[in-house]
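The residues making up each chain are set out below.
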Amino acid sequence: MWRDWIGRVRLAGLVEGTSFLVLLPFAVLKRTVGGYEQEVFWIGSVHGALFVVYALVATVAAVRKELSWASWGWAAVASLVPFGPFVLDRRLKWEEHTSRPAAPREEG
């Protein structure tokens, strides 16, 4: 998954999406039960940093022309929607496999 930029975008998206899923229950508990301010602050800070990393990795991949600008746009939208990076992962997985050049055939 780390070999190319699309794989890096997929990995960053999955990590960022997972950090949101970790943050969500604490944020709900903070609003309903009270407390959990420190947990929400720290997990939210990590999630925010991972969001920035995801955006940067996707932008670098698009600038290097390894990720289409359409997929970059979908990555931007997916980063704002709950479970979006997980849904986008299927599209990027397909794009990753179709963009690789075929291995050269051995003659003989």
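In this report, the structure presented in the accompanying data block is examined. Note that this is a predicted model, so its numbers are computed, not measured.

## Structural notes on the packing of aromatic side chains
Line of reasoning, step 1. One pass over the structure, following the stated rule, counts four aromatic pairs.
Line of reasoning, step 2. Both rings, one in W69 and one in W72, keep their centres 5.5 Å apart while their planes meet at 70°; by these two values the pair is edge-to-face. In this pair, W69 and W72 both sit in helix α3 (residues 69–78), three residues apart, roughly one turn of the helix.
Line of reasoning, step 3. The class of W69 is partly exposed, set by a relative accessible area of 48%.
Line of reasoning, step 4. Stacked on the ring of W5, the Lys or Arg R8 has its end atom at 4.7 Å from the ring centre.

## Examining the nonpolar core
Line of reasoning, step 1. Grouped together as the largest cluster of nonpolar side chains are 13 residues, with contacts concentrated most on V9, Y54, A61, L67, A75, L88 and L92.
Line of reasoning, step 2. Elements represented by at least two residues in this core include exactly α1 (5–32), α2 (37–63), α3 and α4 (84–99).
Line of reasoning, step 3. Not counting chain neighbours up to four residues away, the residues in contact with L92 comprise I6, V9, R10, L67 and S71.

## Comments concerning α2
Line of reasoning, step 1. Taking 1.5 Å as the rise per residue, α2 with 27 residues should run 39 Å; its terminal C-alpha atoms sit 39 Å apart, in good agreement.
Line of reasoning, step 2. Those residues of α2 that fall on the buried side of the exposure criterion are V40, H47, Y54, V57, A58, A61 and A62.
Line of reasoning, step 3. Positive backbone phi, approximately 65°, marks K65, located one or two places after α2.

Cut-offs used in this document
Residues numbered from 1 in each chain as written. Predicted model: local features only at pLDDT ≥ 70, side-chain atom pairs only at ≥ 80, totals over all residues. Heavy atoms only, no water. Phe/Tyr/Trp six-rings, centres within 6.5 Å; stacked < 30°, edge-to-face > 60°. Helix = DSSP H or I, 4+ residues; strand = E, 2+ residues; numbered from the N terminus. Buried < 20%, exposed > 50% of the residue type's maximum accessible area, 1.4 Å probe, protein only. Lys NZ or Arg CZ within 6 Å of the ring centre and 35° of its normal. Core = buried A, V, L, I, M, F, W, Y, C linked by side-chain atoms within 4.5 Å. Contact = heavy atoms within 4.5 Å. Expected span 1.5 Å × (residues − 1).

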